[in-house]
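Below, each chain spelled out in residue letters.
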Number of protein chains: 2
Amino acid sequence: MINHIGDLSRSSPTSLEALAKRLSKLHYADAIDIVNKLEFDNAVYVFVHLPIEYAIKLFDKPELQRSARILEALSNEHAVSILNGMSADEATDVFQEMDNQIRQRLFVQLQPVTRTELKRLTSYPENSAGALMTTEFIAVPSSWTVQHTLKYICDVEGTRETVYTTYIVAPMTGKLLSAISLRRLILAKSNDNVLDAAQHIKPITITALTDREEVARLFRRYDLLSVPVINEDKQVIGLVTVDDVLDAMTEEMNENTHKFGGMETIDQPYMRTSFLDMLKKRSGWLSILFIAEMFTTTALQLFEGELEKAIVLALFLPLITSSGGNSGSQATSLIIRALALREITVKDWRKVIARELPIGLALGAILGVIGFIRIAVWQHAGIYNYGPHWPLIALTIFCTLVAVVGFGSFIGSMLPFIMKTLGFDPASASAPFIATFVDVTGIIIYFSFAALLLADTLL
Amino acid sequence: MINHIGDLSRSSPTSLEALAKRLSKLHYADAIDIVNKLEFDNAVYVFVHLPIEYAIKLFDKPELQRSARILEALSNEHAVSILNGMSADEATDVFQEMDNQIRQRLFVQLQPVTRTELKRLTSYPENSAGALMTTEFIAVPSSWTVQHTLKYICDVEGTRETVYTTYIVAPMTGKLLSAISLRRLILAKSNDNVLDAAQHIKPITITALTDREEVARLFRRYDLLSVPVINEDKQVIGLVTVDDVLDAMTEEMNENTHKFGGMETIDQPYMRTSFLDMLKKRSGWLSILFIAEMFTTTALQLFEGELEKAIVLALFLPLITSSGGNSGSQATSLIIRALALREITVKDWRKVIARELPIGLALGAILGVIGFIRIAVWQHAGIYNYGPHWPLIALTIFCTLVAVVGFGSFIGSMLPFIMKTLGFDPASASAPFIATFVDVTGIIIYFSFAALLLADTLL
């Protein structure tokens, strides 16, 4: 597709006009790919020549890059028409990115209704339904007929984000009574009352402060295409559509993977993130983990005497710390997902301990047996000589693994709860974070068992 | 909601009939929650008394537990009606879980069309669009009028999963020509030709073998509610709806988090997975990682002489191996997401190395400086005495960190590519997997630098 367009960086004004014409015959996403590749001045020029309705549709997609900059470069009149035409949710996002002076100048020229919506939507916290929702929905009084409702939908459809659900509200209070799908509307008899034609099930609703993970869960649970956002008076103030939920879920997936990998979220595409940005986002957590991990050095210094007497203990150090970290990261990844899917809540922490502790000890015993066998085999096969006290060394490794893996599972499963209780995202309990935590405790556990079991022999 | 139902385990037949009546007034998801909590016999009894259309809707949701077992317990006739009425995609899933004998007995009693669909759908690989798709779609010949099409939609809507998109096909070949939304249909003039009324943009299509991650990407990119699945003759053979994509994305998120945490995917809810199942799913990977990590012991045995001479080297061992693992898990989590979102493809591996190697070395230098400072400060403040050669020890730590963190980022970023090239999910490149890999190489790098820099002094 893009190859047809030729060398975009040297396009002449006439070829750009021709491009504008060709763009308007493409899927929005494909047109956006092309515009994103244009030089800035050319992109602005293309927007000058695009039909205004098509330009509005492109601005309505979060995929359009430099949208705030392009709006700033267009004439005031042109920018105001585009902002008035856009969905309130996307207009809010673009508007917030614009230069403050230009924003203020444009704001006073906007339609009063657009102004009110922009003001309202900017007030909701990120990751809330309010930040996802749009204010273009269809609501009709419960006194209307099916025919009247269908006629109304046809009249206003150009200005509404979705027409597949119509909300039926009380004529006086505006309270949400029911919802009717377009499917049901076209099947109903024209003269029926719209409320009678609707399903007699209370519609699923959310508030502007509902968390976006919860919104996604409701969409999955009830197979929704959209959900109304209501205020404390049960009036509809907006709606969240499934395409916004898909985008939010993808963002969430990115954030969680990055957090679990032990770094700040990078919301730009990988290849477009600059070297310095990348370094900043990654060095912060890495340095914190490094400094925390320095406690392993401190812990080992405490046991330097034991190490000197039995250098063989050092050989198993990485094996033991890594086993604790691995079991911890398993437990964490399980609990993060279970919390996200609401299979468990913060209150269930005791039940989780009751499951994770025995599992962790059993896993530790499995690894402990493997470790014991390895030492015995190496000793008997003559691959390595652990000395006359090798059974005691093997026993130390066994006991340490049971304790460290058990402790790793315990800490790994509790950390997401602790994060959530402290008001952080449970996914911030990253694999490196747990590994670091378990490393220090693992060393202490290891040398404590060694001191206990090897006293009077090796130590 | 559930509290109103009373003690479900001791319900009498009459109270179960009343329950069946009450269920059919609830949202399907809420009714399913209640049925899932019933004892098996009671659940079957409720289905005997539920209106058949409502029972079909419940079976159509993947959230209904024990659905295959319940179908087996119902009368042949009843089970056949339910299977005939269900969406083809869900019917396939349930059918595959049923007892082989009962399945064969039921199969011959099914409607021929249901039989064909079941046969076809069971042949597609998991994670493909074919496994997600349903065969209930609406297609009309391009010669029809808008009015005729709308009338047809009303007639068949009860048997189709979505009516929001109608596919327009060539009358003779059945080739997909265009798609028209219900929104556009109700706005069009009754006597217009349906093909003229449709948007003149080529519809987005997939094949039955399209990967479900790619399907999700297309839904996000084009804000789709459904997408047609076509065969090599461009005929529509099914469609994938957005609710199936949401479910698939959630499953994908679970799988990826579990894999990245270093374990097999657990697709049952956390609290309902049995102790033994949990142990099996977790001990496999944990044992493999443990055995791989044993190479650290082997590596350390090679350097036992150095360790004995300079026990101080052992103190920094966990610090160094963990830094390599952490930088590796950052790089992996970045590349896994970038691959999933198609920001990069397998072919870009050279470009990724060109980015990750300098980033890794820079990150290593940052940690190296912190490590160097720590040793210098501890030495000067008298907290610990590293001996007269402390600057050489600090230099060894610095050089090792640059190399290990650089290597960690390199391996961490390449592993998802290697996994993908070998035909595995890139997300199988788990944090523990990388940590283990980097631990062994980290030890070798560490002692090589030590041998080089501390020769003639400590070693």
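Conventions and cut-offs
Residues numbered from 1 in each chain as written. Chains lettered and ligands numbered in written order. Predicted model: local features only at pLDDT ≥ 70, side-chain atom pairs only at ≥ 80, totals over all residues. Heavy atoms only, no water. Helix = DSSP H or I, 4+ residues; strand = E, 2+ residues; numbered from the N terminus. Buried < 20%, exposed > 50% of the residue type's maximum accessible area, 1.4 Å probe, protein only. Contact = heavy atoms within 4.5 Å. Lys, Arg positive; Asp, Glu negative; His and termini not counted. Charge placed at Lys NZ, Arg CZ, Asp CG, Glu CD. Least-squares fit on C-alpha atoms with pLDDT ≥ 70 in both. Phe/Tyr/Trp six-rings, centres within 6.5 Å; stacked < 30°, edge-to-face > 60°. Lys NZ or Arg CZ within 6 Å of the ring centre and 35° of its normal. Buried area = accessible area lost by both parts, 1.4 Å probe. Salt bridge = Lys/Arg side-chain N within 4 Å of Asp/Glu carboxyl O. Polar contact = N/O pair within 3.5 Å; in protein donor to acceptor, adjacent residues only side chain to side chain. Nonpolar A, V, L, I, M, F, W, Y, C, P; charged D, E, K, R; others polar. Core = buried A, V, L, I, M, F, W, Y, C linked by side-chain atoms within 4.5 Å. Pairing = 2+ DSSP bridges. Patch = residues over 30% accessible without salt bridge, like charges linked within 9 Å, V, L, I, M, F, W, Y side chains within 5 Å. Areas by Shrake-Rupley, 256 points an atom, 1.4 Å probe, with all protein chains shown as cover. pLDDT = per-residue confidence, 0-100. Axes fitted to C-alpha atoms, helices over the stretch in contact; angles between N-to-C directions.

1. What to know about the overall build of chain A
Okay, step 1: Regarding its fold elements, chain A presents 22 helices and five strands.
Okay, step 2: If one aligns the C-alpha atoms of chain A with their principal axes, the spans along those axes are about 90 × 60 × 40 Å.
Okay, step 3: Burial statistics for chain A: of 459 residues in total, 57% are counted as buried.
Okay, step 4: Once local pairs closer than 6 in sequence are excluded, the contacts in chain A between residues at least 24 apart make up 67%.
Okay, step 5: On chain A, the mean spot of the 40 positive side-chain charges and the mean spot of the 49 negative ones are 5 Å from each other.

2. Describing the relation of the copies chain A and chain B
The second copy of the chain is related to the first by a rotation about an axis and a shift along the axis.
Okay, step 1: You can overlay chain A on chain B at an RMSD of 0.2 Å; the transform is a turn of 180° with a shift of 0.1 Å along its axis. What we have between these two chains is a two-fold relation.
Okay, step 2: In this assembly, 100% of the residues forming the interface of chain A have copies in chain B that are likewise at the interface, indicating an isologous arrangement.

3. Notes on the packing of aromatic side chains
Two numbers describe a pair of aromatic rings. These are the distance of the centres and the angle of the planes.
Okay, step 1: By the definition in use, this model includes 23 aromatic pairs over all chains.
Okay, step 2: Their ring planes at 65° and their centres at 6.4 Å tell us that A:Phe137 and A:Tyr167 sit as a pair that is edge-to-face. Of this pair, A:Phe137 sits in the loop between helix H10 (129-132) and strand E1 (138-141) while A:Tyr167 is found in strand E2 (residues 165-169), placing the two residues 30 residues apart along the sequence. Here A:Phe137 and A:Tyr167 have matching classes, each one buried.
Okay, step 3: Ring centres of B:Tyr28 and B:Tyr54 lie 5.3 Å apart, and the angle between their planes is 55°; this geometry places the pair in the tilted category. Residue B:Tyr28 is located in helix H2 (residues 28-37), and its partner B:Tyr54 is located in helix H4 (residues 52-59); the two are separated by 26 residues in the primary sequence.
Okay, step 4: The rings of A:Phe303, A:Tyr446 and A:Phe447 are connected pair by pair, giving a single aromatic cluster.
Okay, step 5: Stacked on the ring of B:Tyr270, the Lys or Arg A:Arg355 has its end atom at 5.1 Å from the ring centre.

4. Thoughts on the interface of chain A and chain B
Okay, step 1: Contacts between chain A and chain B engage 122 residues on the former and 122 residues on the latter.
Okay, step 2: Summing both sides of the interface, chain A and chain B together bury roughly 11200 Å²; the carbon and sulfur share of this comes to 67%.
Okay, step 3: Contact with chain B buries area across many residues of chain A, yet A:Arg183, A:Tyr270 and A:Phe290 alone supply 7% of it, more than any other trio.
Okay, step 4: If you look at where chain A meets chain B, you find eight salt bridges.
Okay, step 5: Residue B:Asp30 is joined to A:Arg221 by a salt bridge in which the shortest nitrogen-to-oxygen separation is 2.7 Å.
Okay, step 6: At the junction of chain A with chain B, the criterion picks out 36 residue pairs in polar contact (both at pLDDT 80 or more).
Okay, step 7: Looking at the side of chain A that touches chain B element by element, the count peaks at 18 residues for helix H16 (residues 275-302) of chain A.
Okay, step 8: Residue classes in the side of chain A that touches chain B are distributed as 66 nonpolar, 28 polar and 28 charged.

5. Topic: the nonpolar core
Among soluble globular proteins, nonpolar side chains are generally buried collectively.
Okay, step 1: Counting residues in hydrophobic clusters, the biggest one holds 112 residues, and the most contacted among them are A:Phe316, A:Phe447, B:Phe316 and B:Phe447.
Okay, step 2: Apart from the residues lying within four places of it in its own chain, the contact partners of A:Phe316 are A:Ile375, A:Tyr386, A:Ile393, A:Ile397, A:Tyr446 and B:Thr297.
Okay, step 3: Within the second largest apolar cluster, 52 residues are counted, among which are A:Val242, B:Leu121, B:Tyr124 and B:Val229.

6. Notes on the pairing of strand E2 (residues 165-169) of chain B
All names here are of chain B.
Okay, step 1: Counted residue by residue, E2 has five buried out of five residues, so it is predominantly covered.
Okay, step 2: Side chains Thr165, Tyr167 and Val169 project from E2 onto one buried face, and the interleaved Thr166 and Ile168 project onto a second face that is buried too.
Okay, step 3: Here four bridges tie strand E1 (residues 138-141) to E2, and the two strands are oriented parallel to one another. Within the sheet, the bridge partner assigned to Pro141 lies in E2 and is Val169.
Okay, step 4: Of the pairings in the sheet, the one linking E2 to strand E3 (residues 176-181) comprises five bridges and is antiparallel in character. Bridged to Thr165 within E3 is Ser181.
Okay, step 5: The antiparallel hairpin formed by E2 and E3 contains six residues in its connecting segment, where Gly174 sits at a positive phi of about 75°.

7. Describing a nonpolar patch on the surface
Okay, step 1: Taken together, the side chains of A:Val369, A:Ile373 and A:Val377 present a nonpolar region at the surface, about 230 Å² in accessible area.
Okay, step 2: Positionally, A:Ile373 belongs in helix H20 (residues 349-381).

8. Here we look at unusual backbone geometry
Okay, step 1: The backbone of A:Asp456 sits at a positive phi, close to 75°, despite the residue not being glycine.
Okay, step 2: Assignment of secondary structure puts A:Asp456 in the segment after helix H22 (431-454).
Okay, step 3: A positive phi angle is found at B:Arg342, which is not glycine, with a value near 60°.
Okay, step 4: With respect to the element layout, B:Arg342 can be found in the loop between helix H19 (317-340) and helix H20 (349-381).

9. Comments concerning the environment of B:Leu187
Okay, step 1: Here B:Leu187 shows up in helix H12 (residues 182-187).
Okay, step 2: The exposure class of B:Leu187 is partly exposed, given its relative accessible area of 35%.
Okay, step 3: Aside from chain neighbours lying at most four places away, what touches B:Leu187 is A:Cys154 and A:Glu157.

10. Thoughts on the side chain of B:Thr166
Okay, step 1: On the secondary structure map, B:Thr166 appears in strand E2.
Okay, step 2: We classify B:Thr166 as buried; its relative accessible area is 0%.

11. Section: the confidence of the model for chain A
Any residue range with low pLDDT should be treated as having predicted coordinates unsuitable for detailed reading.
Residues and elements named next belong to chain A.
Okay, step 1: Mean pLDDT over chain A stands at 88; residues scoring 70 or higher make up 98%.
Okay, step 2: Ranking the helices and strands of chain A by mean pLDDT puts strand E4 (residues 226-230) first, with 95, and helix H1 (residues 13-23) last, with 83.
Okay, step 3: Segment residues 1-9: pLDDT under 50, and 16 contacts once partners within four positions in sequence are set aside and those in other chains are kept.
Okay, step 4: For this predicted complex, the interface confidence reaches an ipTM of 0.77, while the overall pTM sits at 0.78.

12. Digging into the side chain of B:Lys61
Okay, step 1: Secondary-structure assignment places B:Lys61 in the loop between H4 and helix H5 (67-73).
Okay, step 2: With residues up to four places along the chain from it excluded, the contact list for B:Lys61 reads A:Asp223, B:Tyr28 and B:Ile32.

13. Some points on the sheet that holds E1(A)
All names here are of chain A.
Okay, step 1: The strand order E1-E2-E3 describes an open sheet built from three strands, whose pairing is mixed. The open sheet has two free edges, formed respectively by E1 and strand E3 (176-181), since each of these has just one partner strand. Strand after strand, the sheet turns through a mean of 30° between neighbouring axes, direction not considered.
Okay, step 2: Where helix H11 (residues 146-156) meets the sheet, it contacts E1 and E2, and its direction lies at approximately 145° from that of E1.

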